[in-house]
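Notes for the structure review
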Amino acid sequence: MYRKSGNFKILNLREMAFIHLDIRCLYAILICTAFGSTLSSNAEIKVNPPQDFEILDPGYLGYLYLQWQPSLSLENFKECTVEYELKYRNIDSENWKTIITKNLCYKDGFDLNKGVEAKIHTLLQGQCTNGSTVQSSWSEATYSISPQGNLETKIRDMDCTYYNWQYLFCSWKLGIGVHFDTDYNLFYWYEDLDHALQCVDYIKGNGKNIGCRFPYLESPDYKDFYICVNGSSKSQLIRPSYFIFQLQNIVKPSPPDYLSISVKSEEINLKWSMPIGPIPVKCFIYEIAFTEDDSTWVLPRACITWITKRPQVKREHNKKHKQTYNFLRNNHQVKVRMWQGYPKMACIRKRG
């Protein structure tokens, strides 16, 4: 029931309740419509993975290029930020390396003794995705060098040393059961070189190449150094071997250039000079041992005392180069052997 008062209509409580309910339903419909429109808009946003994804080998003995092209569908998302998530690894590795980039190429080093696998997808975010991130499916690529020859034909016991931070030498043993006409060749590359180079000064053993003396290397430190040793034979295929290391980790310093020994009563005094080379003097440590009549080599007591009192710091040292000096003491032949080591932790105080 209602009453008219002039031009106004007065509603009763039941009719007002229906109107209030209608307004609530209208709000609900509007909210659902807007939310559904947003969901529908996001659901319609789809982006394709990069196209032409491939792993290229430029001939740098393990330094590979991973490159791709943007999908054609990105023309519809010019207002969005486009990035790529790249994952890659050697096939036997448990962990993926992950890179997010806006570029269309990425470069890194791999162990070519094993296969390589990689995958990439597109990441889309910005105004066109209402602030959320849209991901494409993955695009995948693999790379491997076709194995040739039996595994036993590879070289064995490869050992490389960077003497006094100046001269690089590598040596190896021949593969097992290789034929008499088999010989090996070494190639190397690092980032300052335009292309891989072959060793020009081989170390010979029974007429075979069993090592390489490298020429002077321009700025090879603190970067990956790549080596491949392959072989040739008229009667069998030879499996190549690949290596990656950094030269500053295989430094072997020279021994002291001069050692002066003076004997007074029961006391032996030693003095030495620094070797000439690029390693800073403050970065050397020293170790001294002596023996009488070719008996067991021992450390002098002073050195033992110094060692036991020094701080207990875990240090990893590079290879040491030793040198032996002879002199007579109390009619006994005495030998002093001295090592000079280069610690990987720079500038540790000297012994001696």
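Residues numbered from 1 in each chain as written. Predicted model: local features only at pLDDT ≥ 70, side-chain atom pairs only at ≥ 80, totals over all residues. Heavy atoms only, no water.

Going by the annotation in an unreviewed UniProt entry, the name recorded for the protein is Interleukin 13 receptor subunit alpha 2, with Rhinolophus ferrumequinum given as the source organism. The UniProt entry for the protein carries this comment under Subcellular location (unreviewed entry): "Membrane". (UniProt positions renumbered as here; feature names shortened; annotations may be inferred.)

**What to know about the pattern of salt bridges**
Under the counting rule described, the total for this entry stands at 8 salt bridges. Ionic pairing is found between Lys-87 and Glu-85, a salt bridge with its closest N-O pair at 3.9 Å. For the residue pair Lys-87 and Glu-85, the accessibility class agrees, reading buried in each case. Note that Arg-213 and Asp-201 form a salt bridge whose closest N and O atoms lie 3.3 Å from each other. Residue Arg-213 is located in strand β16 (residues 208-213), and its partner Asp-201 is located in the loop between β14 (197-198) and β15 (202-205); the two are separated by 12 residues in the primary sequence. Residues joined by salt bridges that share partners form a network here, namely Asp-92, Asp-111 and Lys-114. (Salt bridge = Lys/Arg side-chain N within 4 Å of Asp/Glu carboxyl O. Buried < 20%, exposed > 50% of the residue type's maximum accessible area, 1.4 Å probe, protein only. Helix = DSSP H or I, 4+ residues; strand = E, 2+ residues; numbered from the N terminus.)

**Side note on the state of the cysteines**
Taken as a whole and judged by the stated rule, the model has 2 disulfides. A sulfur-sulfur distance of 2.0 Å marks the disulfide that ties Cys-160 to Cys-170. On the sign convention where negative means left-handed, the S-S torsion of about 110 degrees between Cys-160 and Cys-170 marks this disulfide as right-handed. Here the residue Cys-160 occupies a position in strand β11 (residues 156-163), and Cys-170 occupies one in strand β12 (residues 167-173), the gap between them amounting to 10 residues. (Disulfide = S-S within 2.5 Å.)

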